[in-house]
Amino acid sequence: MSIIQYLEDGKTSNQPLSTNLYSELQEDILTGKLKAGEKLTEQKICDEYKVSRTPVREALRQLEMDGLIENIPNRGAFVLGLSEQDVEDMYVLRKAYEVQAVRWAIERITEEELNELEETFEFMEFYTMKNDINKMLNINTAFHQIIYNATHNRMLKQFLSSYQVYLKHCNPSNYYAPDYLTNVLKEHKAIFDAFMAKDVEGGALAMSIHMDNSGSRKFK
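Residues numbered from 1 in each chain as written. Predicted model: local features only at pLDDT ≥ 70, side-chain atom pairs only at ≥ 80, totals over all residues. Heavy atoms only, no water.

Moving on, we get to empty space enclosed by the protein. Counting across every chain of the model gives 1 cavity of 30 Å³ or more. Looking at the largest cavity, the residues that line it are Leu25, Leu34, Leu40, Lys44, Ile45, Glu48 and Tyr49. With 4 residues, helix 3 (residues 42-49) is the largest single contributor of residues to the lining of the largest cavity. Along the lines of polarity and charge, the residues of the lining of the largest cavity split into 5 nonpolar, no polar and 2 charged. (1 Å grid on protein atoms, 1.4 Å probe; cavity = no way out; pocket = protein on both sides within 12 Å on 5 of 7 lines; lining within 4 Å. Points joined across faces, edges and corners; volume = space filled by probe spheres on them. Helix = DSSP H or I, 4+ residues; strand = E, 2+ residues; numbered from the N terminus. Nonpolar A, V, L, I, M, F, W, Y, C, P; charged D, E, K, R; others polar.)

Right, dumping it as structure tokens:
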């Protein structure tokens, strides 16, 4: 996804129907719209989300693989969701993966990817000055996705992309301190500067600090 798409709304509309339905159901589970223990039937989903049965089956299969629903023989599919402990554990795991991602990305990043990271950081600076939190949240996602891509490690990218989506929806911030944007920009500048200097250890430290601060901001 390009930085322009992230600036628009962080989503793309040309995905398969099953992928879009999966994303909708995933978000509804993570935000609590679909409650833990709630039964999901194909017909109910078809009616509520205005889709046919084929994309429903694929979406349910993906959600079961994610561990967000459980399919019980002879009973049906039930929402599992994420507990508070699951979310806290995910922050710990995400920090470890993000730090490793920075290490590999600084070592492996291509010139094209580095240019993309620089462009994205410039957008961060611009929208921080504009005090546009919504745009900054989308750009923040793009910044991290570029790092994931630059690791050139498929499994790590998949883990971190999933964690990023889960944490975005399951514990959304309702309050942003007056210095939120300037602090986030400062933390990302330290990460960006490490990429420009090819400083692996500096990048790992900067990302570790950013993850600790992100967790503190979420759990205030």
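Bringing the packing of helix 5 (residues 84-108) against helix 8 (residues 154-170) into the picture now. Packing of helix 5 against helix 8 leaves a shortest axis separation of 10 Å and a crossing angle of 140°. Classified by the angle between their axes, helix 5 and helix 8 sit oblique to one another. Helix 8 is crossed by helix 5, and the crossing has left-handed handedness. Only Leu156, Phe159, Leu160, Tyr163, Gln164, Tyr166, Leu167 and Cys170 of helix 8 make contact with helix 5, whose side of the interface consists of Val87, Met90, Tyr91, Leu93, Arg94, Tyr97, Glu98, Gln100, Ala101 and Trp104. Residues belonging to the contact of helix 5 with helix 8 are distributed by class as follows: 14 nonpolar, 2 polar and 2 charged. (Axes fitted to C-alpha atoms, helices over the stretch in contact; angles between N-to-C directions. Parallel < 35°, antiparallel > 145°, perpendicular 65-115°, else oblique. Left-handed = near helix turned anticlockwise from the far one by under 90°. Contact = heavy atoms within 4.5 Å.)

Once that is clear, we can look at the pattern of salt bridges. Any two side chains of opposite charge can pair, on the condition that their charged atoms come close. This structure, assessed with the given rule, holds 8 salt bridges. Across the pair Glu42 and Arg53 runs a salt bridge, and its minimum N-O distance is 2.9 Å. Of the two residues, Glu42 sits in helix 3 while Arg53 sits in helix 4 (residues 53-66), which places them 11 residues apart along the sequence. Judged by relative accessible area, which is 23%, Glu42 ranks as partly exposed. For Arg53, a relative accessible area of 35% puts it in the partly exposed group. A salt bridge links Glu98 to Arg94; the nearest nitrogen and oxygen atoms lie 2.9 Å apart. You can see Glu98 and its partner Arg94 sitting in helix 5, 4 residues apart, about one turn around the helix. (Salt bridge = Lys/Arg side-chain N within 4 Å of Asp/Glu carboxyl O. Buried < 20%, exposed > 50% of the residue type's maximum accessible area, 1.4 Å probe, protein only.)

Attention now goes to the packing of helix 7 (residues 133-150) against helix 9 (residues 180-197). Any two packed helices are characterised by the angle at which their axes cross and by the distance between the axes. Axis separation between helix 7 and helix 9 bottoms out at 12 Å; the angle between their running directions is 20°. Comparing their axes, helix 9 and helix 7 come out roughly parallel. When the axes of helix 7 and helix 9 are compared, the crossing they make is left-handed. The segment helix 7 lies against helix 9, with Ile133, Met136, Leu137, Asn140, Phe143, His144 and Ile147 engaging Tyr180, Leu181, Val184, His188, Ile191, Phe192 and Phe195. Grouping the amino acids of the contact of helix 7 with helix 9 by side-chain chemistry returns 11 nonpolar, 3 polar and no charged.

Most peptide bonds are trans, and most residues other than glycine sit at a negative phi. You will see that Lys50, though not glycine, has its phi angle at about 55°, which is positive. Structurally, the position occupied by Lys50 is in the loop between helix 3 and helix 4. One non-glycine residue with positive phi stands out, namely Asn74, at about 70°. Looking at where Asn74 falls in the secondary structure, it is placed in the loop between strand 2 (69-72) and strand 3 (76-79). Taking relative accessible area as the criterion, Asn74 reaches 86% and is therefore assigned exposed.

Turning next to the sheet that holds strand 3. Within the open sheet, the 3 strands sit side by side as 1-3-2. Their pairing is antiparallel. The sheet is open, and its two edges are formed by strand 1 (39-40) and strand 2, each paired on a single side. Relative to strand 3, strand 2 runs antiparallel, the two being bridged by 4 bridges. In the strand pairing of strand 3, Glu70 is matched with Phe78. (Pairing = 2+ DSSP bridges.)

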